[in-house]
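# Summary of the model geometry
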Amino acid sequence: MPLIQAFERLRLGRLSRVPGQPGVTIHFILLFSRQGKLRLQKWYTTLPDKERKKITREIIQTVLSRGHRTSSFIDWKELKLVYKRSVSWTLSLILRRHILSLTSL
């Protein structure tokens, strides 16, 4: 899948534009529909399935409840949630908080 391969390269620092940073730490990637159905998920951290489902449900509810004119950067717990909406789906990246948000999109 080209989308997952691009995010893998970003995570490993091959696309990083921040000098002195080894790479962007992506904790997980979620792709879901406007109805809230999860279409794709890629986890780079190890968590139990119950915790993953809880986090996924919380993020989907948070993103879908926001207006279309609001910012697509959210401080979520100790992480940064960056999302991009399309006509029928939403792509979410969960990054370390101190990473520059503009380099992730």
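Only a predicted model underlies this, so the values are computations on that prediction, with no experimental measurement involved.

Criteria and cut-off values
- Residues numbered from 1 in each chain as written.
- Predicted model: local features only at pLDDT ≥ 70, side-chain atom pairs only at ≥ 80, totals over all residues.
- Heavy atoms only, no water.
- Salt bridge = Lys/Arg side-chain N within 4 Å of Asp/Glu carboxyl O.
- Buried < 20%, exposed > 50% of the residue type's maximum accessible area, 1.4 Å probe, protein only.
- Core = buried A, V, L, I, M, F, W, Y, C linked by side-chain atoms within 4.5 Å.
- Helix = DSSP H or I, 4+ residues; strand = E, 2+ residues; numbered from the N terminus.
- Contact = heavy atoms within 4.5 Å.
- Pairing = 2+ DSSP bridges.
- Expected span 1.5 Å × (residues − 1).
- Arc of directions from axis to C-beta.
- pLDDT = per-residue confidence, 0-100.
- Axes fitted to C-alpha atoms, helices over the stretch in contact; angles between N-to-C directions.

Here the focus is the pattern of salt bridges. Under the definition given, this model contains 1 salt bridge. Note that D75 is salt-bridged to K80, the shortest N-O span being 3.1 Å. Owing to a relative accessible area of 14%, K80 belongs among the buried residues under this scheme.

What follows is about the nonpolar core. Counting residues in each nonpolar core, the largest one holds 14 residues, and the members touching the most others are F28, I55, I59, V63, W76, L81 and I94. Secondary-structure elements contributing two or more residues to this core are β1 (26–33), α2 (49–65), β3 (73–76) and β4 (79–85). Of all the elements, α2 adds the most residues to this core, at 4 residues. Apart from the residues lying within four places of it in its own chain, the contact partners of V63 are F32, L81, Y83, R85, T90 and S92. In terms of nonpolar packing, the next biggest core, distinct from the first, is built from 9 residues, L40, V82, L93 and L95 among them.

This brings us to the pairing of strand β5 (residues 89–96). Counting buried positions over the 8 residues of β5 gives 6, a clear majority of the element. Bridge analysis of β1 against β5 gives 7 bridges, and the strand direction is antiparallel. In the sheet register, F32 faces β5, and the bridge partner there is T90. The pairing of β4 with β5 spans 7 bridges and is antiparallel. Within β5, the residue paired with L79 across the bridge is R96. The antiparallel pairing of β4 with β5 creates a hairpin that spans 3 residues between the two strands.

This part is about α2. Over its 17 residues, α2 runs 24 Å from end to end, which matches the ideal 24 Å to within 8%, given 1.5 Å per residue. Inspection of α2 places I55, T56, I59, I60 and V63 among the buried residues, and these make up the whole buried set. The arc that holds every buried residue of α2, seen down its axis, measures 130 degrees, which confines them to one face. Exposed residues on α2 whose side chains face more than 90 degrees from its buried face are K50, K53, Q61 and S65.

Here we take up the confidence of the model for the protein. With 69% of its residues at a pLDDT of 70 or more, the protein has an overall mean of 78. Across the protein, element-level confidence peaks in α2 with a mean pLDDT of 93 and bottoms out in helix α1 (residues 2–11) with 61. The model gives residues 14–18 a pLDDT under 50, and that stretch makes 8 contacts with residues more than four places away or in other chains.

This part covers the sheet that holds β1. One open sheet accounts for 5 strands, arranged β2-β1-β5-β4-β3; its pairing is antiparallel. In this open sheet, the two strands that pair with only one neighbour each are β2 (38–43) and β3. Here the average twist between neighbouring strands, direction ignored, is 20 degrees.

With the exception of glycine, most residues fall at negative phi, and the peptide bonds are largely trans. One non-glycine residue, K77, lies in positive phi territory at about 55 degrees. Position of K77 among the secondary structure elements: in the loop between β3 and β4. We classify K77 as partly exposed; its relative accessible area is 47%.

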